[in-house]
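Observations on chain architecture
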Amino acid sequence: MARPSLRKRQQTRHAAGTFEDHESEQSGDSSREDGDGDGDGDDDDEGEGEYREDCSPGAEESPFSPGGELDEELGDSEGSGGPESSGRPRGNGQEDGAASRRSRRRRAHLMQDESPEKPHASPSKRLRYRDRVNYSHVGKRDRLASHFGRDTEDLIEAIRCRDKWCNHPTLPTRCADEQGNGGLAYSFFYSPEQREEESTEGWRWYIENGGQDAFQKRQRTSNLTAGEGRLYLPRPEKESHKILMGPKGAQKLMLLEAGKVANLRDAWSEVRGDETPGSQREGWILNIAARVLCMDWLPNRPLDGEDAARSTDKASRDTEAIAASRVFAPAPPEPACIQIWSFQVSVEPDKQVLDSTTPPKLFLGICTDWGYVKQFKWCPTQRSEAAESTDGMTNFGLLAGIWGDGKLRVLDVWHDEGQDAPAYVKYEKAAFEIGGQDTVFTSLAWLSSNLIAVGCANGFAAIFDLQHDPEVVPVPFFYEPLHQTYVLSVISGYPSRPHLLITSSMDGSVRLTDIYAPQTDTILSVRSRFGPQALAWCDPVQGVLIGEESNNTRVYPVRRFFSATSCVRHDGMVYSLAVGTAHPMVLSAGADGDVIVTNPLRRTVHLKLWHYQQTWFRHEYSRKAGGVSRITEGFALEKTNLSYTKGGHEAWMVEDGAVLATVFEERSAVTRVCWNPNILFGGLAAAAMGSGLVRVEDLAI
């Protein structure tokens, strides 16, 4: 049964205006009873329309008012944003007048009816939906204002992000077209002035004010031989790993030894016997031979062709010890290693791609005896001036990590640029080291070049400043009880909103907190039945991506954190999320072994458009025949119904009233994904699998 139009139920009376205008408005309403596609039709995601938003009485003074600064821009964009959208032509004056009347009626419907000069306002005849708006049933301009705010600068930046990236549903593009659409670029919310200040003034404490000298004095390292360094690497269960991969119907069985790499092109071009672009893959498979717990790309790399891109991943020495360790107490000391792999790339103009002729190699091993590495992250802030050393060493940057003993450490990583063989460096003492009081640290996030936020096992969050006096024990200037128990993940709104702290906990909630006013400016998301672990900040969307219990990934905008919009669907639990620095595309990995890429900006700006997602590859593991992995790829774009009621989750998750759930093989899961943060190589993606494999590929088209 069709739902009656909302405008038909209003029966608004206008005291001013001619009879002809009133009659034309009534006929316009009757012609639109079945929905006009401008925000009043039924939405595919009904779960997102359960909440409503209070509207300000002064909304008439917004940039969207008639003749406003952005009225013409947003009016022209009603039908843009996707290859399948069709804008409404703007022809003669009669059509413009009808559109203007529809716009006026929509604004009158959204605003509170509290103006004393309106003769038809009556408390006894107050309309049911006059003071509230259903978020999924409003027009595009009202949706943009509700999501990004009514500030002119925010709306302009949102429109620029929409125009640049909304026409690309899944994979990023390497170069922009003639109109400037697509390509790799920083978020428009991250202004050039902010980047310049961050790369100069943000690093003044380290380069000019003695931070580098203080770190080098406090940090103690020693070089290890190749034999000593290999003792810190993970001990493989078997010498080689079987991988079945290649084009559909002609997959090839490959045998990859532990610590070695395989070219994706070998599994494609040799089977097909041709060199056509569609039959090749530009990427590599690494056999780490252990479950990868955390992974990150190294930012701020020089573009000299010899050392242009590096991938970082970690594997513990003993996976059984990880499973037996206690999360609320320090783990016993044990050796661990953070591996830094080097990739050769091409830096030709408009061709920044992986070099498939030069295999990657293990470049540096960071060896420690502080227990397994829970999490590590490189400092993401840009640097205009690289740190220099008197003994010919080159600086990688600052690496913050949390080890099994529950302490936060910051390492100042240096290396010899001219080395050929892998080097192993043991860190005996960190440049910055601090432990929790009666608790352990669980996760971390960089807020700037000198501020680090950490989550604690007791539910607190703390922020430390690296510029502290080296003679005094570091004390956090921010220490607040944000949750009731163990904090699983911590991220920030970096780069445009680093003052926003997003934390998730085992209590099932995700909290957004402004560190400037943590007691008042804080809000909780919808509570989940399990602790959300996969969090990511999407700067062009100005929202947080959260992997939820429904196997969906949803976007929670900072201005409407109590509501969400679905953007990715999995068949299993979401394990890891990653958003590009040079584009808004998101990588989503889960227990089902699928790595899905999509553009959440399209669904945020245009809710009515069909949503697309694309599977990068699917990883499956079987314990038979000594253990074998099958990697399936070449998936096409997929139209996805993200609704909970219209043939969506309810169609495949419920059968005879029982909720269905699939139990996947543990080693089939994809545990970590990440995009390269360097602007010229923003299309490089890495994914770590539970079987110990790591895939690195250039996804830009």
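About the thresholds
- Residue numbers run consecutively from 1 along every chain, following the written order of its sequence.
- Where local features are concerned, this predicted model is filtered to residues with pLDDT of at least 70; where side-chain atom pairs are given and counted, the filter is 80 or more; whole-chain, interface and lining totals use all residues.
- Each side-chain value is derived from all of the structure's non-hydrogen atoms; neither hydrogens nor water enter the calculation.
- Any two of the Phe, Tyr and Trp rings considered here, Trp counted by its six-membered ring, make a pair once their centres fall within 6.5 Å; the pair's planes then place it as stacked at under 30 degrees, edge-to-face at over 60, or tilted in between.
- Comment: elements are numbered from the N terminus, with helices defined as DSSP H or I runs of at least four residues and strands as E runs of at least two.
- We call a residue buried when its accessible area falls under 20% of the maximum for its residue type, exposed when it is over 50%, and partly exposed in between, using a 1.4 Å probe and counting protein chains only.
- Only when the NZ atom of a Lys or the CZ atom of an Arg is both within 6 Å of the ring centre and within 35 degrees of the ring normal do we say a charge sits over the ring.
- Axes here refer to lines fitted to C-alpha atoms; in helices the fit is confined to the stretch in contact. Angles between the N-to-C directions go from 0 to 180 degrees.
- In these notes the angle categories are as follows: under 35 degrees is roughly parallel, over 145 is roughly antiparallel, 65 to 115 is roughly perpendicular, and the rest is oblique.
- A crossing counts as left-handed when the near helix is turned anticlockwise from the far one by less than a right angle, and as right-handed when that turn is clockwise.
- Whether two residues are in contact is decided by their heavy atoms: any pair within 4.5 Å suffices.
- Three classes are used, and their members are as follows: Ala, Val, Leu, Ile, Met, Phe, Trp, Tyr, Cys and Pro are nonpolar, Asp, Glu, Lys and Arg are charged, and the others, Gly among them, are polar.
- N or O atoms within 3.5 Å of each other form a polar contact, as long as, within protein, one can give a hydrogen and the other can take it, and as long as residues adjacent in sequence are counted only when both atoms are side-chain atoms.
- A helix is expected to span 1.5 Å for every residue after the first.

**Regarding the packing of aromatic side chains**
All told, the structure shown has 19 aromatic pairs when counted by the stated rule. With 6.0 Å between their ring centres and 45 degrees between their planes, tryptophan 165 and phenylalanine 188 make a pair best called tilted. Of this pair, tryptophan 165 sits in helix H6 (residues 152-165) while phenylalanine 188 sits in the loop between H6 and helix H7 (192-200), and the two are 23 residues apart along the sequence. In this structure, tryptophan 165 and phenylalanine 188 share a single accessibility class: buried. A centroid spacing of 5.9 Å and a plane angle of 65 degrees characterise the contact between phenylalanine 441 and phenylalanine 464, whose relative ring orientation is edge-to-face. Linking phenylalanine 441 in strand S19 (residues 441-446) with phenylalanine 464 in strand S21 (residues 460-465), this pair joins segments that are 23 residues apart in sequence. When sorted by exposure, phenylalanine 441 lands in the same class as phenylalanine 464, which is buried. The ring of tyrosine 190 carries arginine 195 above its face, with NZ or CZ at 5.7 Å from the centroid. It is arginine 383 that lies over the ring of tryptophan 203; its NZ or CZ is 4.3 Å from the centre.

**Digging into the packing of helix H5 (residues 140-148) against H6**
Across the interface, H5 lies against H6 with an axial gap of 10 Å and an inter-helix angle of 115 degrees. When the axes of H5 and H6 are compared, the pair comes out roughly perpendicular. Judged by the sense of rotation from one axis to the other, the crossing of H5 with H6 is right-handed. Packed against H5, whose contacting residues are Leu144, Ala145 and Phe148, the element H6 presents Asp154, Leu155 and Ala158 at the interface. Looking at the contact of H5 with H6 residue by residue, the class counts come to five nonpolar, no polar and one charged.

**Let's talk about H5**
For H5, the buried fraction is high: eight of the nine residues fall into the buried class. Those residues of H5 that sit buried are Arg141, Asp142, Arg143, Leu144, Ala145, Ser146, His147 and Phe148. Of the residues one or two after H5, glycine 149 is the one with positive phi, at around 100 degrees.

**With respect to the environment of arginine 527**
Structurally, arginine 527 is set in the loop between strand S26 (522-524) and strand S27 (535-538). Spatially, the C-alpha atom of arginine 527 lies 8.3 Å from that of aspartate 507, the residues being 20 residues apart in sequence. At 3.0 Å, the side chain of arginine 527 forms a polar contact with the backbone oxygen of aspartate 507.

**A word on unusual backbone geometry**
Here the bond from tyrosine 494 into proline 495 is cis, since omega is 15 degrees, no more than 30 degrees from zero. As for its placement among the helices and strands, proline 495 is situated in the loop between strand S23 (487-493) and strand S24 (497-505). Located in the positive-phi region is aspartate 438, a residue other than glycine, with phi close to 60 degrees. Within the fold, aspartate 438 resides in the loop between strand S18 (432-435) and S19. You can call aspartate 438 exposed: its relative accessible area is 78%.

**Focus on H6**
For H6, built from 14 residues, the straight-helix expectation of 20 Å at 1.5 Å per residue is met to within 8% by its first-to-last C-alpha distance of 20 Å. Turning to H6, its buried residues are Asp154, Leu155, Glu157, Ala158, Ile159, Cys161, Arg162, Lys164 and Trp165. Where H6 begins, one side-chain oxygen reaches toward the backbone nitrogen of glutamate 153, 3.2 Å away; that side chain belongs to aspartate 151.

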